[in-house]
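Chains, contacts and geometry: an overview
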Amino acid sequence: MSAFDELVDRKLIDHVGVCNFDVDLLDEAVDNMESPLFAHQIETHPLLQQDELIGHAQENDYHHIAYSPLARSNTLYISEITEIAEKHDISASQVSFVWLLSRENVTVVPKATGEDQIRVDFAAQDLELDDENVERIRDTNGPSGTSAVTARRGSKPDRRLADFCFHARSGVDAVRITRRLV
Ligand SMILES: NC(=O)c1ccc[n+]([C@@H]2O[C@H](COP(=O)([O-])OP(=O)(O)OC[C@H]3O[C@@H](n4cnc5c(N)ncnc54)[C@H](OP(=O)(O)O)[C@@H]3O)[C@@H](O)[C@H]2O)c1
């Protein structure tokens, strides 16, 4: 990690960010760099809530950047999310983003190709969810969470992951279910 300090000292980079680290590696980064850790980017969404990693970001004051914040479109099919979206007349993507942004230190990097979708997603910054809805979405996490990136590498969006998460919430091991999907 000291190589990053050198890059900062030489003004080749402004800040240091890392990606796909676990807590041990994040500790190593925080402990062994003179520069403060600026950001950690990792898959985070309502099906993979990453409480431990977000707690680490809050304690050590760096940004937790949620990539694949829609679980590659899968959060758009979760019934809790679509119900909240319908009730408040906003999009399911906005509900997913607002829920993530309600957590301290969390920012999101969504991907959308169409201009309309980009506008809708961008507008989520001005929205808020009340505590009841925030808690409702917290309940969508499986026992160990479910990775959309691992489960659906290269496949088209469908509702299988959300369905599997429903089973995961019913007590079946989410990791085992995810493996069956691949
Ligand atoms: N650091 C890493 O290891 C890593 C790994 C994976 C991803 N990422 C980053 O994370 C970012 C996003 O992740 P991602 O692409 O995996 O997943 P994502 O943002 O969770 O989902 C992208 C999908 O959501 C759809 N979408 C976005 N807004 C929508 C809306 N308003 N209505 C309906 N559908 C909508 C997109 O549709 P369209 O296709 O029609 O636009 C696309 O199919 C990317 O910029 C990527 O670089 C980083």
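Here's a quick rundown of the structure. (Residues numbered from 1 in each chain as written. Predicted model: local features only at pLDDT ≥ 70, side-chain atom pairs only at ≥ 80, totals over all residues.)

What follows covers the nonpolar core. Formed by 13 residues in total, the largest nonpolar core has its most connected members in I81, V95, F97, V98, W99 and L100. With 5 residues, helix 5 (residues 92–101) is the single largest residue contributor to this core. By size, the runner-up hydrophobic cluster in this structure holds 8 residues, among which are F4, L26, I54 and Y62. (Core = buried A, V, L, I, M, F, W, Y, C linked by C-beta atoms within 7 Å. Buried ≥ 20, exposed ≤ 12 C-beta atoms within 10 Å, placed from the backbone. Helix = DSSP H or I, 4+ residues; strand = E, 2+ residues; numbered from the N terminus.)

So, on to helix 3 (residues 51–60). Of the positions making up helix 3, those classed as buried are I54, H56 and A57. End-on view of helix 3: buried residues confined to an arc of 155°, all on one side of the axis. Looking at helix 3, the residues exposed on the side facing more than 90 degrees away from the buried face are D51, E52 and E59. Of the surrounding secondary structure, the elements contacted by the buried residues of helix 3 are helix 2 (23–32), strand 2 (37–43), strand 3 (63–67) and strand 4 (106–109). (Arc of directions from axis to C-beta. Contact = placed C-beta atoms within 7 Å.)

What follows concerns the pairing of strand 2. Regular strands place side chains that alternate from one sheet face to the opposite one. Note that strand 1 (residues 16–19) and strand 2 share 4 bridges and pair parallel. Bridge assignment links V18 to a residue of strand 2, and that residue is H40. Read from strand 1 through helix 2 to strand 2, the crossover connection turns out right-handed. Two strands pair when backbone bridges link them, and strand 2 and strand 3 are joined in this way by 5 bridges, in the parallel orientation. When the bridges of strand 3 are listed, H40 appears paired with H64. Note on the crossover from strand 2 through helix 3 to strand 3: the handedness is right-handed. (Pairing = 2+ DSSP bridges. Right-handed = clockwise from strand over helix to strand, strands pointing away.)

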